[in-house]
Amino acid sequence: MRDGVVLANPVASQIRLHAEYGGVVPELATREHLRNLPLLLQQALLEARVGVAELDGIAATAGPGLPNALLTGLKAAQGLAYALDRPCYGAHHHEGHLYSPWLAGDPLRLRPEEFEPHVCLIVSGGHTLLVQVRGEFDYQVLGSTIDDAAGECFDKTAKLMGLPYPGGPQLDRLAEGGRPDACKFPRPLLNDPGYDFSFSGLKTSVRYFLRDHPGMLEDLQARRDLAASVQAAIIEVLVTKALRAARATGVRCLTAAGGVACNRALRQALAAACAKRRMALRLAQPELCTDNAAMVGVLAWRMHVGGRQTLGLDEEPRPSWPLGE
Ligand code: KG4
Ligand code: ZN
């Protein structure tokens with residue numbers, strides 16, 4: 001990252017490793033991070049054509065997340081920062097996601113002057129959040145999930161349907177030829193005036209539906225209909241609440257990030273809803289929706305420019321770290 005331009009953004013995906021177990025295995029994730037990190041750092045510097053001595057600052061995600069996975073990145077960053085005598089920044093994972101819709105172009109660049117007050121929908125495997133962004137470093141979480149995250153709901157229902165992990169992208173593809181109104185599923189908390197979400201009941205409804213309709217999974221069209229119907233239920237809740245939040249806060253711009261924001265039907269539904277209300281929409285590019293280094297890099301750059309607090313050598317990761325604290 002140099003002056004808002006992303007010089008390299010390598011990703012070491014662990015999806016294939018964890019797919020074998022049907023979900024993330026924390027111990028394996030930590031070991032994989034330990035193995036990949038030095039190589040990834042080397043690759044990033046080579047791609048960016050930058051030597052370590054040229055770095056102005058170092059950053060890593062400090063939280064929230066799996067404690068040992070966070071520890072791996074944070075301790076490496078602190079060590080590097082100490083050795084080079086540079087400032088070290090501890091990034092908030094969700095704050096990074098907030099920046100990803102604002103990265104655009106080739107090469108990817110952040111133009112902070114384009115930043116305007118907005119509401120961001122962060123939807124991933126671990127979190128579902130609606131955040132009001134008044135300006136840089138000025139956030140308020142309007143609502144979040146009280147149980148399962150949206151991505152978790154995609155993954156768990158996909159698993160019930162016999163699809164491999166991670167189920168979100170699989171369900172997205174399967175839903176393509178399905179009828180979204182074929183099966184009736186609940187829209188949890190849709191009419192609740194707040195901005196919280198709840199997705200665990202929806203997953204249970206799918207389980208009962210499959211119990212009551214044995215043989216459903218044998219027919220391809222029936223599987224497509226089921227996938228499209230589950231997806232429609234999740235999307236309706238996300239889109240309705242996001243637009244309601246945007247309207248209530250008076251912003252003219254909605255953004256979306258996190259793995260689930262790759263979902264094509266969600267992207268289309270958000271685009272249609274925003275167009276209807278003449279609201280600007282900024283969707284993170286699909287490869288920047290899922291976790292990536294660029295979003296942490298731009299956040300770190302803004303922290304560096306904005307003179308934000310640096311991280312001491314004795315600081316530990318923050319596995320549970322509410323946004324805005
Ligand atoms: O942001 P992310 O890469 O990692 C977390 O921080 O969790 O999000 C991963 C989640 C998984 O639950 C995955 O199934 C979901 O994002 N996901 C999708 C799609 N692509 C990824 N869900 C629905 N449709 C997709 N196309
Ligand atoms: Zn994430």
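Before reading further, recall that the structure is shown in the block above.
Procedures and definitions
Residues numbered from 1 in each chain as written. Chains lettered and ligands numbered in written order. Predicted model: local features only at pLDDT ≥ 70, side-chain atom pairs only at ≥ 80, totals over all residues. Heavy atoms only, no water. Pairing = 2+ DSSP bridges. Helix = DSSP H or I, 4+ residues; strand = E, 2+ residues; numbered from the N terminus. Axes fitted to C-alpha atoms, helices over the stretch in contact; angles between N-to-C directions. Contact = heavy atoms within 4.5 Å. Salt bridge = Lys/Arg side-chain N within 4 Å of Asp/Glu carboxyl O. Buried < 20%, exposed > 50% of the residue type's maximum accessible area, 1.4 Å probe, protein only. Near = heavy atom within 4 Å. Polar contact = N/O pair within 3.5 Å; in protein donor to acceptor, adjacent residues only side chain to side chain. Areas by Shrake-Rupley, 256 points an atom, 1.4 Å probe, with all protein chains shown as cover. Nonpolar A, V, L, I, M, F, W, Y, C, P; charged D, E, K, R; others polar. Core = buried A, V, L, I, M, F, W, Y, C linked by side-chain atoms within 4.5 Å. Left-handed = near helix turned anticlockwise from the far one by under 90°.

## A word on the sheet that holds strand β5 (residues 118-123)
- Taken together, the five strands give an open sheet; going across it, the order is β7-β6-β5-β8-β9, and neighbouring strands pair in mixed fashion. Looking at the sheet topology across the chains shown, the edges are occupied by β7 (138-144) and β9 (280-283). Neighbour-to-neighbour, the strand axes of this sheet turn through a mean angle of 20°, independent of strand direction.
- As paired strands, strand β8 (residues 253-257) and β9 are joined by four bridges and run parallel to one another. Bridge pairing in β9 places T255 opposite R282.
- Across the sheet, helix α8 (residues 220-249) lies against β5, β6 (128-135), β7 and β8, angled at about 155° from β5, the strand it touches most.

## Describing the pattern of salt bridges
- Tallied over the entire structure, the rule returns 14 salt bridges.
- Between R264 and D172 there is a salt bridge, with the nearest N and O atoms lying 2.9 Å from each other. In this pair, R264 sits in helix α9 (residues 264-276) while D172 sits in helix α6 (residues 167-175), placing the two residues 92 residues apart along the sequence.
- With a relative accessible area of 34%, R264 lands in the partly exposed category.
- What makes D172 buried here is its relative accessible area of 11%.
- Between R211 and D212 there is a salt bridge, with its nearest N and O atoms 3.1 Å apart.
- For R211, a relative accessible area of 57% puts it in the exposed group.

## Looking at the site of ligand 1
- Residues in contact with ligand 1 amount to 18 residues; listed here are only the nearest, G125, D155, D172, G259 and N263.
- In this structure, an oxygen atom belonging to ligand 1 sits 3.1 Å away from a main-chain N or O atom of G168.
- At 3.1 Å from an oxygen atom of ligand 1 is found a side-chain nitrogen or oxygen belonging to D291.
- In the complex, the protein chains occlude 85% of the 550 Å² of accessible area that ligand 1 would expose alone.
- Elements with a minimum of two residues in the shell around ligand 1: α5 (150-160) and α6.
- For the shell around ligand 1, a count of residues per class yields five nonpolar, ten polar and three charged.

## Thoughts on the nonpolar core
- One finds L130, F185, L226, I234 and L238 to be the most contacted residues of the largest nonpolar core, which totals 53 residues.
- At the level of secondary structure, the elements contributing two or more residues to this core comprise β5, α5, α6, α7 (200-212), α8, β8 and α9.
- Top contributing element to this core by residue count: α8, with 15 residues.
- When residues no more than four places from it in sequence are discounted, the contact partners of L226 are M161, C183, F185, F209, L210, M216 and L217.
- Within the second largest apolar cluster, 26 residues are counted, among which are L98, Y99, L103 and L110.

## Here's the deal with the packing of α8 against α9
- For the pair α8 and α9, interaxial distance at closest approach is 10 Å and the crossing angle is 35°. Between α8 and α9 lies a crossing whose hand is right-handed. Taking contact as the criterion, the partners of Q231, I235, L238, V239 and L243 in α8 are, on α9, A265, L266, A269, L270, A273 and C274.
- Taken together, the residues of the contact of α8 with α9 sort by class into ten nonpolar, one polar and no charged.

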